[in-house]
Amino acid sequence: MFFTSTRKRCEISASAAIAKGISDEGGLFVPSEFPKFLPGELESLVKLSYKDRAARVLHKFLTDYTAEELDVCVEGAYEGSFDNNEPAPVKEIAQGVNILELWHGPTCAFKDMALQILPYLLSAATRKNCPERTTVILVATSGDTGKAALDGFADVPGTKIIVFFPRDGVSDMQKLQMTTQKGENVAVCAIEGNFDDAQTGVKNIFGDREIVKFLEERNMEFSSANSINFGRLAPQIVYYISSYCDLVKNGKIAMGSAVNVAVPTGNFGNILAAYYAKQMGLPIKRFICASNRNNILSDFIATGIYDRNRAFYTTESPSMDILISSNLERLLYHLSNGDCEQIAALMGELKSAGRYTVSGEMLTKLKQEFYGGFCDDAAARQTIRECFEKQNYLCDTHTAVAVNVYQKYAKDSGDTTPVIIASTASPYKFAPAVLNALGGNGDAKDGFAVMEELSALTRTPVPAPLAGLREAEVLHKSSVAKDAMSDFVRSVL
Ligand SMILES: *Cc1c(COP(=O)(O)O)cnc(C)c1O
């Protein structure tokens, strides 16, 4: 097995795909074939811990890593950093409706599932290919990714991480999460500009010959922790398989019986990981792709036309406010049976005209497996309230979108297959909106006060990593003009 680009055929190893992140012509790395479960293999995972399931699944994709290397990676990532050492618990909230909670890590959102292990996968890749080199991770963040990446990379040998965030574009809690980050190898800097300025600045640094040379002289190399890196996708496959095993273990389903999966979707990484799990042999019947008011994906699944020429809305589920779902490119590649020329052409159209249309054959295949739906903020609020009142289950604004769209799907289709709904953030991460949904008032108040009010109202605990921010010392106070980002990078290195 090897990896190829979605836009131009090539053959590289898993570790090279992870170290490179994105191919030279802008394509994404995909496995040349899907590893399949052998007879009895899925059964054998049922009795294992999350860590051991992860090591087994990752080994099937990352074939140039040794089993020992992967054991070190999963140990570093998943031992001691998640509540009760259970990275992905499943809770049944109604008959056949299972919530897969992916937010028990250090930053209380699902990006930890991949960003806790990516640094280990990357540094193992560097050790294989260029042992003495330091990898420098540059991140531009609108909030969640920055903190999850900082926490994952902090004090991982052979790495440094620099995060830029828009000074006025993140919530106070998000800012505190980042500026209090500890670690010898971390740097955090505010930009006097918006998220686009931060992102453009980072892209310019990646392409700046002088600074790349400056790094080479110090035996350093840039890399990215972006969600298009296969090293972020692979760890996400694990939790779909793990949750299926847990349902079998707890007697909720029989081994081999089908489930549906519902995912609150932005960049299409999380739901694509479920699709990859199915290609390995996990019996998933339908993928329910849930969007907020930025419903470009549900339109696409209905019509086969992907069109980003539309209004962009800021919603209460901000991590899904996306008009270019980068990982969709991988699904299109697989649906076209690996037709690189066609994918390169579609992505070219997206870049030049902001839209593309897929072939009738691809659309038919897509619709066989994917259902697309969306809901707005008001509907998501109502779902939060109903879930809490009827099922005594508190969910965040992103998860609520998936629950809402799943309910619509179940009603319209009459499909009673058990479902696994991905829950992507702790309700406390978006406490003001959740409190408002429950009839409280979360607006214009101190972030800690809102969390305490939500806790008193729902009798659920504030997660320790968020509560602890109140006492944490602010360690990073730098703020630079948007054209001074590369100077900041030099000063750090
Ligand atoms: C990133 C994120 C999403 C979207 O996940 P994708 O993999 O980009 O589809 C959904 N919810 C939360 C809370 C997130 O942080």
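Here's what I pulled together on the structure shown here. (Residues numbered from 1 in each chain as written. Predicted model: local features only at pLDDT ≥ 70, side-chain atom pairs only at ≥ 80, totals over all residues. Heavy atoms only, no water.)

1. Observations regarding the packing of helix 17 (residues 377-391) against helix 18 (residues 397-413)
Two elements in contact, helix 17 and helix 18, have axes separated by 8 Å at closest approach and are oriented at 90°. In terms of axis orientation, helix 17 runs roughly perpendicular to helix 18. Seen from helix 17, the contacting residues are Ala379, Ala380, Thr383, Ile384 and Cys387; seen from helix 18, they are Thr397, Ala400, Val401, Val403 and Asn404. Tallied by class, the residues present in the contact of helix 17 with helix 18 amount to seven nonpolar, three polar and no charged. (Axes fitted to C-alpha atoms, helices over the stretch in contact; angles between N-to-C directions. Helix = DSSP H or I, 4+ residues; strand = E, 2+ residues; numbered from the N terminus. Parallel < 35°, antiparallel > 145°, perpendicular 65-115°, else oblique. Contact = heavy atoms within 4.5 Å. Nonpolar A, V, L, I, M, F, W, Y, C, P; charged D, E, K, R; others polar.)

2. Some points on the pattern of salt bridges
Here the idea is simple: oppositely charged side chains can pair when their charged atoms come close. Inspection of the entire model under this criterion finds 24 salt bridges. The salt bridge involving Arg53 is made with Asp246; its shortest N-O contact spans 3.0 Å. Here Arg53, found in helix 3 (residues 50-61), pairs with Asp246, found in helix 11 (residues 230-249); they are 193 residues apart in sequence, far enough to count as distant. One salt bridge connects Arg381 with Glu316, and the closest N-O pair in it is separated by 2.3 Å. Here Arg381 is found in helix 17, whereas its partner Glu316 is found in the loop between strand 11 (305-307) and helix 14 (328-335), with 65 residues between them in sequence. Taking the relative accessible area as the measure of exposure, Arg381 reaches 30% and is therefore partly exposed. (Salt bridge = Lys/Arg side-chain N within 4 Å of Asp/Glu carboxyl O. Buried < 20%, exposed > 50% of the residue type's maximum accessible area, 1.4 Å probe, protein only.)

3. Observations concerning the side chain of Thr159
Following the sequence through the fold, Thr159 ends up in strand 6 (residues 159-166). Within the local environment of Thr159, its side chain forms a polar contact with the backbone oxygen of Val156, the two atoms lying 2.8 Å apart. Setting aside residues up to four positions removed in sequence, Thr159 forms contacts with Ser123, Thr134, Thr135, Phe153 and Asn185. (Polar contact = N/O pair within 3.5 Å; in protein donor to acceptor, adjacent residues only side chain to side chain.)

4. Quick word on the layout of surface pockets
By volume, the second largest pocket amounts to about 470 Å³. Contributing to the lining of the second largest pocket are 24 residues, with Lys91, Glu101, Trp103, His104 and Pro461 lying nearest its centre. Here the residues of the lining of the second largest pocket sort into 13 nonpolar, seven polar and four charged. (1 Å grid on protein atoms, 1.4 Å probe; cavity = no way out; pocket = protein on both sides within 12 Å on 5 of 7 lines; lining within 4 Å. Points joined across faces, edges and corners; volume = space filled by probe spheres on them.)

5. Quick notes on the site of the ligand
By nearness alone, 15 residues border the ligand, and Lys111, Gly266, Asn267, Asn270 and Thr424 come closest of all. Contacts to the ligand include Gly269, whose backbone N or O atom sits 3.3 Å from an oxygen atom. Taking Thr424, its side chain carries an N or O atom lying 2.8 Å from a nitrogen atom of the ligand. Isolated, the ligand exposes 390 Å² of accessible area, and the fraction of that covered by the protein chains is 96%. The class makeup of the residues in the shell around the ligand is five nonpolar, eight polar and two charged. (Near = heavy atom within 4 Å. Areas by Shrake-Rupley, 256 points an atom, 1.4 Å probe, with all protein chains shown as cover.)

6. Comments concerning empty space enclosed by the protein
All told, the structure shown has one cavity of 30 Å³ or more when counted by the stated rule. Approximately 40 Å³ is the volume attributed to the largest cavity. Lining the largest cavity we find Glu316, Ser317, Asp377, Ala380, Arg381, Ile384, Thr397 and Val401. Elements with a minimum of two residues in the lining of the largest cavity: helix 17 and helix 18. At four residues, helix 17 tops the list of elements feeding residues into the lining of the largest cavity.

The quantities given are spatial measurements derived from coordinates; they are silent on function.
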